[in-house]
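# Per-entry structural report
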Amino acid sequence: MNSAMSLTIDNLPSPALIMNEQGNIVEVNSALTAITEYEASEILNQPIEFLLPEDLQKSHLTYRLAYQQNPQAMNACQYVDIETKSEKLIAINLRFSRINNHYLIVLNKHEHVISHCDPICSVESAKIFKGMNEPYWEWNIIEDSFFYSAKMMAYLGYKEESVIGHRDFWHKHLSANTLKEIYQQTELYLYHNGAPLDITAQLTTKQGEKKWFHLVGQLVEHRDGKPSCMLGTMKDVTEYKKLIGQLKKQNDYLMMAEKISNSGHWRYDFRDKSFFWSTETYRIYGVDKANFFPTLDKVLSFHAVEEPQLISKLIEQAKLNGQGFYHKGVVTRPSGKKIRIEITAEVEVDSTGEVIALFGICRDITKTETTLEKIKLLAMVNFTINVPIFFIDEKDNVVYQDLSPYQGGKASGLFNYVNFSITQYLDYKKQAKAQGQVKKKHVSFDNFNTVYDLSVTYESEEGIYIWIVENVTEQFRKDQQQAISNRLALLGNTFGNVSHDINNVLGVALGAIEMLELKFEKGEQDNFPTYIERVKNAIDKGKSVTERLLAFTRKPIINVVSFDPIEDIEKNKYLFQQLLLNTINLSFKHDNSQCTIRFPQGEFINILLNLVLNAQDAIQEQGLRGNIEISTKINEHKQLEIHVKDSGIGIEEENLTKIFDPFYSSKSINKGNGIGLANVFDTMYKHNGEIKVAGHCELGGAHFTLIFKCESLAKVANIKNSVEDQQGIEGKSILILDDEVSIGEFVALYLENHGAKTVCVHNKENLLNTLAKGEHFDVFITDMIMPDLSGQEAVNIVQSKYPDIKIYSMSGYIAEDDYKWDYPVLRKPFNSKELAQFLQS
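Now for a description of the structure that goes with this document.

Calculation rules
Residues numbered from 1 in each chain as written. Predicted model: local features only at pLDDT ≥ 70, side-chain atom pairs only at ≥ 80, totals over all residues. Heavy atoms only, no water. Helix = DSSP H or I, 4+ residues; strand = E, 2+ residues; numbered from the N terminus. Buried < 20%, exposed > 50% of the residue type's maximum accessible area, 1.4 Å probe, protein only. Contact = heavy atoms within 4.5 Å. Areas by Shrake-Rupley, 256 points an atom, 1.4 Å probe, with all protein chains shown as cover. Polar contact = N/O pair within 3.5 Å; in protein donor to acceptor, adjacent residues only side chain to side chain. Patch = residues over 30% accessible without salt bridge, like charges linked within 9 Å, V, L, I, M, F, W, Y side chains within 5 Å. Salt bridge = Lys/Arg side-chain N within 4 Å of Asp/Glu carboxyl O. Pairing = 2+ DSSP bridges. Axes fitted to C-alpha atoms, helices over the stretch in contact; angles between N-to-C directions. Parallel < 35°, antiparallel > 145°, perpendicular 65-115°, else oblique. Nonpolar A, V, L, I, M, F, W, Y, C, P; charged D, E, K, R; others polar.

Counting secondary structure elements, the protein chain contains 25 helices and 34 strands. Across the 841 residues that make up the protein chain, the buried fraction comes to 44%. When contacts within the protein chain are restricted to residue pairs at least 6 apart in sequence, those whose partners lie at least 24 apart make up 55%. Carbon together with sulfur atoms contributes 51% to the accessible area of the protein chain, which is approximately 46100 Å² in total.

Structurally, threonine 186 is set in helix 8 (residues 176–191). Here the side chain of threonine 186 touches isoleucine 182 through a polar contact of 2.7 Å, landing on its backbone oxygen. Non-local contacts of threonine 186, meaning those with residues more than four positions away in its chain, are made with Trp139, Leu197 and Met230.

Side chains of Tyr253, Met256 and Ile260 sit close together on the surface and give an oily, nonpolar patch of about 390 Å² of accessible area. By the element assignment, tyrosine 253 lies in helix 9 (residues 238–261).

The next subject is the sheet that holds strand 13 (residues 274–277). Reading across from one edge, 13-12-16-15-14 is the order of the 5 strands in this open sheet, with antiparallel pairing throughout. For this open sheet the edge positions go to strand 13 and strand 14 (325–332), each flanked by a neighbour on one side alone. In this sheet, neighbouring strand axes are inclined to one another by 25 degrees on average, regardless of whether the strands run parallel or antiparallel. With 8 bridges connecting them, strand 14 and strand 15 (residues 338–349) associate as antiparallel partners. In the sheet register, histidine 327 faces strand 15, and the bridge partner there is isoleucine 343.

As a further point, take the packing of helix 23 (residues 764–772) against helix 24 (residues 791–801). Between helix 23 and helix 24, the least distance of the axes is 11 Å, while the angle of their chain directions is 5 degrees. As far as their axial angle goes, helix 24 and helix 23 are roughly parallel. Contact residues: Lys764, Leu767, Leu768 and Leu771 in helix 23; Ala794, Ile797, Val798 and Lys801 in helix 24. Classifying every residue of the contact of helix 23 with helix 24 gives 6 nonpolar, no polar and 2 charged.

Mapping aspartate 427 onto the fold places it in helix 15 (residues 422–435). Assessed through its relative accessible area of 40%, aspartate 427 is described here as partly exposed. Of the polar contacts made by the side chain of aspartate 427, one reaches the side chain of glutamine 431; its length is 2.9 Å.

In this section: the environment of lysine 801. Here lysine 801 lies in helix 24. Of the residues examined, lysine 801 reaches a relative accessible area of 41% and is grouped as partly exposed. Residues lysine 801 and glycine 774 lie 27 residues apart in sequence; the distance between their C-alpha atoms is 9.0 Å. Leave out the neighbours within four places in its chain, and lysine 801 touches Leu771 and Gly774.

Here it is, written out as structure tokens:
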């Protein structure tokens, strides 16, 4: 192009471009770049279709090739939509001018110019639609203009007048996807031998109303061998669409109902022998809808061998007699699974009364039949073992009365057996329906005059409650008597075990006292302190046993202390040696085990004594001689391990899990009651210890391991040898109340020896008289149970006079009130060491 033409284009106020004969853009002006939003460099050398929406490019190319050969088309004003760089559509009209071998195209933006006019196609085509009482349209393909009939404009919400307009008139009313589909169908029809335009879609009227329409269009004119005019109609199908939607929804509901009820429907047409099956019918028969086409022979082939002939006969009779039928049978699915179905059929007749088809329902009743079989089985149980079973429906009616229990020749109701109230009955029904089943053992509704085992099962498929009721009053009473006997036996065994432990410590004390007597008779006093210490130690062990006895019926208060376990073992070696036969060798090994543990100290030695005595019994099962070894070590987890091994008969592997069970004993008759090891296990685990057992060890017998948490440290000085540890006693004035004179005097003497001033009283009268004298006291130590007053009463009396006095208490009995007591309690009997530790608390 020369510069003069470029100047001319730039001077044009309207958007303009120059296209060569190949259809490529070779020049644009600034108005065109402004309206399209493209840079000139982006447009140049592009085909003219570059500026059109993608869905119009192909059809326009075909149209361009045609109008380039048609001078009349070139002179006409064309209407088209162009697409900007930001993908906006702009409606424009085009004016063409041929200049040498190029085309000058001027673009004028316009709104939807509509004019009232007559049809734009030929008179012959117009006659076709004259008098048509439905919306129609015409498309002048050459000029790209549309004629819209008055009915069509009214349908779209405008005044009922025919108009001529442009194709972009549709953009107001159709979605982009619908427009695209119309353009594609039209292009295929006009230029690629496709089918005529035929589409159903949704539009929006001028007022915003949504309507469904059916649009058809057909080519009616050609000019110079080219498509020139299309005619079409637009039919309102909104009501039809709504009806289809309602029918679909109703069909969905039907399908849902069939699925819930496990049923399907079918129709057999006698005229063409065709079958229709619903989706659920295919599922019931276990076949794929896409691959299976039902015929009568195929359907009958699913049924059991003897059924096809019977069903065929029922179908023939239904046709002849005009009456339906009912059938229950078995179907084998292709997978091999057998199900039970029931078929209900009714005849369908035409206007003359002739039977033309059968309509029926088939239902999978496998679960229902299985439930009925269960019910019959329960009924057999009812008659066989005489356990009453009742079948009651949702409305509280007895069903399957022939299966219900009889009494005096008549069927009996549930309330004849169970004396509960209507409210209780309804509550059991509610629970069974919610949970599926409710089971209750030993339930009574009359303060245990009668007792039942009760089961209520709800069968949801049938809506039936199955009540199984057994009167177990007699057995319940026997069981109660047996439970009482067992508890008495437990009590006897427990006291027997405690008696055994008390006898052990009494034996030690008695032996030590007799040794003192012998030494005294001989005038020897060198070892008196040793034997006295043994008596005191035995009394301490006895105290631990009595606390355990008291704890049998009361929650115990365990005194957990820190102590050196190795020192405790060493101090009590004589106990082990004194209780063992002289034919049994007991050895001790301590592997650098200096530490302290927190544990009930009295129970610690009792546990070891129990294990050692058990070891002796195991040795005696095979003879009189044997070895027992007690060894200690600190393991890799910084825990103290105490090992007790023996050369006895050991423990068989199948008994290892039983030996800690109460009343289990592997010993000979009269050798043990099984309580000892159960107590050991219980005590260890209550105080964060562990006990393990192996059936055999290198000595031949059992191997018990006790494991304690510990702290390694130097030996702790003995409290009784350190007067400095008695902080707060020296110089104090202390009032002591105990009805046991010897205990009160012992406490007073001990305190006076450590610098305290004491007054000891033994009853309420002495206490009141002492307080009346007005003497000041810093500390009050009281017994908790006395004949004429309690510890709480005594504290209240003293605190009324001395509100800030420090309170301590002593008790030989573990009472329930102890747990509400706010002051320290020292358990009787106690020694001077324990008293010293207690007063430091």
